[in-house]
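# Structural characterization, general
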Amino acid sequence: MKIEAQQSLKDYNTFGLDVTAEQMIRVRLDSDDYRNRDISELKKILKANKQRLFILGGGSNMLLTQDVKGLVLKNEIKGIEIIRSFKHCVHVAVGGGENWHKLVLWAIKNKLGGIENLSLIPGTVGASPIQNIGAYGVELKDVFVRLEAMDLKTGKVKTYYHQDCDFGYRDSIFKRKLKGKVLITRVVLRLSNAPHKINTSYGAIQKVLAEKGIQDPDIKAVSDAVIEIRSSKLPDPDKLGNAGSFFKNPEVSATKYKQLLKAFPNIVAYHLDNGKYKIPAGWLIEQCGWKGKRIGNTGSHAQQALVIVNYGKATGEEIKAHADRVIKSVVERFGIRLTAEVNIY
Ligand SMILES: Cc1cc2nc3c(=O)[nH]c(=O)nc-3n(C[C@H](O)[C@H](O)[C@H](O)COP(=O)(O)OP(=O)(O)OC[C@H]3O[C@@H](n4cnc5c(N)ncnc54)[C@H](O)[C@@H]3O)c2cc1C
């Protein structure tokens, strides 16, 4: 592992922002290193390090508004292996630097189910528990068994089980108390053997399957449907810089929802088990007139108002200013403050 100085991060964040990392190390361990727990080199580097550390996965959930001072640890820890087999499922251990969608395709090829609804989500496996990635009725927590993470101060590797992670909607302990404190090196998931429980609860998936005349879909058919839907409505970061949904969908109390319903009878909302209502942030933003609106080098995407895009030359500050404008107008119109799903630096 060698330290690279003054490394441009343009190709390593999906907004395509040209910021520079003062120093960067590609953390490369493979399954054998893991088996032997031979991670002493990384430990040594961390022990000697006096600088601020910054963890980078696929850069698909971050907005970099400035150069990164200190040392960037780019997670390139590889390896996908079945470590336990049961009658109905297997446990798969995956290096934190593996690409998430590559794992989904590997699972489908090996007839293992549970993550097909999470097809085409960008980023690394190591980042997947951080915001408990989710799409089309499935969240990472549904298949999560445990993870290993290295304490960036002591170099010690600790195992975190499901109950330790405090998973929530686009949230976990790693986005709060442990943010920036640990490097997730390996994740263990429970994937099902056939026959799989197929989740087609989302209307969009049902529609695509019906159009194809598929009545009894397998995991590949569901994955293909999800890929088709996502490709048609979300901008491809390789063509138009973005970080997916910029904001979380806000939850409001029943009282607040009643007030909103009175003022905006066509409001879209979903009743939650905790008695609150979830309102799609995209709907709120669209109502404020932002959908498809471009200001300079940035703007809200024409097909998905929740996505903020970089038309090519935007700076992180410009994108942040756009996000702030959106937040302000939603507060003024609905009295709801949107919070960012994206990590802002
Ligand atoms: C087009 C598009 C669509 C998307 N769709 C979805 C979606 O449907 N559902 C969804 O949930 N998300 C979605 N996202 C967001 C994103 O893909 C996920 O949040 C993903 O898990 C981020 O992974 P990453 O490796 O790119 O993380 P990064 O952006 O590199 O990092 C995100 C945060 O996690 C930290 N981090 C990264 N790796 C580690 C690690 N190994 N250990 C400790 N900390 C770490 C970073 O420091 C940073 O704070 C989408 C993004 C894009 C661009």
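The structure contained in this document is the topic of the report that follows. None of these values were measured; they are calculated from a predicted model.

Here is what the cut-offs are and how they apply
Residues numbered from 1 in each chain as written. Predicted model: local features only at pLDDT ≥ 70, side-chain atom pairs only at ≥ 80, totals over all residues. Heavy atoms only, no water. Patch = residues over 30% accessible without salt bridge, like charges linked within 9 Å, V, L, I, M, F, W, Y side chains within 5 Å. Areas by Shrake-Rupley, 256 points an atom, 1.4 Å probe, with all protein chains shown as cover. Salt bridge = Lys/Arg side-chain N within 4 Å of Asp/Glu carboxyl O. Lys, Arg positive; Asp, Glu negative; His and termini not counted. Charge placed at Lys NZ, Arg CZ, Asp CG, Glu CD. Helix = DSSP H or I, 4+ residues; strand = E, 2+ residues; numbered from the N terminus. Pairing = 2+ DSSP bridges. Axes fitted to C-alpha atoms, helices over the stretch in contact; angles between N-to-C directions. Phe/Tyr/Trp six-rings, centres within 6.5 Å; stacked < 30°, edge-to-face > 60°. Buried < 20%, exposed > 50% of the residue type's maximum accessible area, 1.4 Å probe, protein only. Lys NZ or Arg CZ within 6 Å of the ring centre and 35° of its normal.

With that out of the way, let us pick up a positive patch on the surface. The grouping of Lys153, Lys158, Lys177 and Lys181 at the surface amounts to a positive patch. With respect to the helices and strands, lysine 177 occurs in the loop between α4 (162-165) and β12 (182-192).

Turning our eyes to something else, we now look at the sheet that holds strand β3 (residues 53-56). Ordered by their spatial adjacency, four strands build an open sheet running β1-β2-β5-β3, and the pairing between neighbours is mixed. Strand pairing shows two members of the sheet lacking a second neighbour, β1 (3-8) and β3, which therefore form its edges. Between one strand and the next, the sheet's axes are offset by a mean angle of 35°, whatever the strand orientation. Pairing of β3 with strand β5 (residues 68-75), which is carried by four bridges, proceeds in the parallel orientation. Each bridged residue has a counterpart across the sheet, and for leucine 56 the counterpart in β5 is lysine 74.

As enumerated under the stated definition, the model contains nine aromatic pairs in all. Look at tyrosine 136 and tyrosine 202: their rings are 5.6 Å apart centre to centre, the planes differ by 75°, and that puts the pair in the edge-to-face class. One end of the pair, tyrosine 136, is in the loop between β8 (134-135) and β9 (138-139); the other, tyrosine 202, is in the loop between β12 and α5 (203-211), and 66 residues separate them in sequence. Taking relative accessible area as the criterion, tyrosine 136 reaches 9% and is therefore assigned buried. Overall, tyrosine 202 belongs to the partly exposed group, its relative accessible area being 42%. Every member of this aromatic cluster is reached through a ring pair, and the members are Phe15, Phe246 and Phe247. In this structure, arginine 294 packs its charged tip against the face of tyrosine 311, placed 4.0 Å from the ring centre.

Keep in mind these values describe shape, not function.
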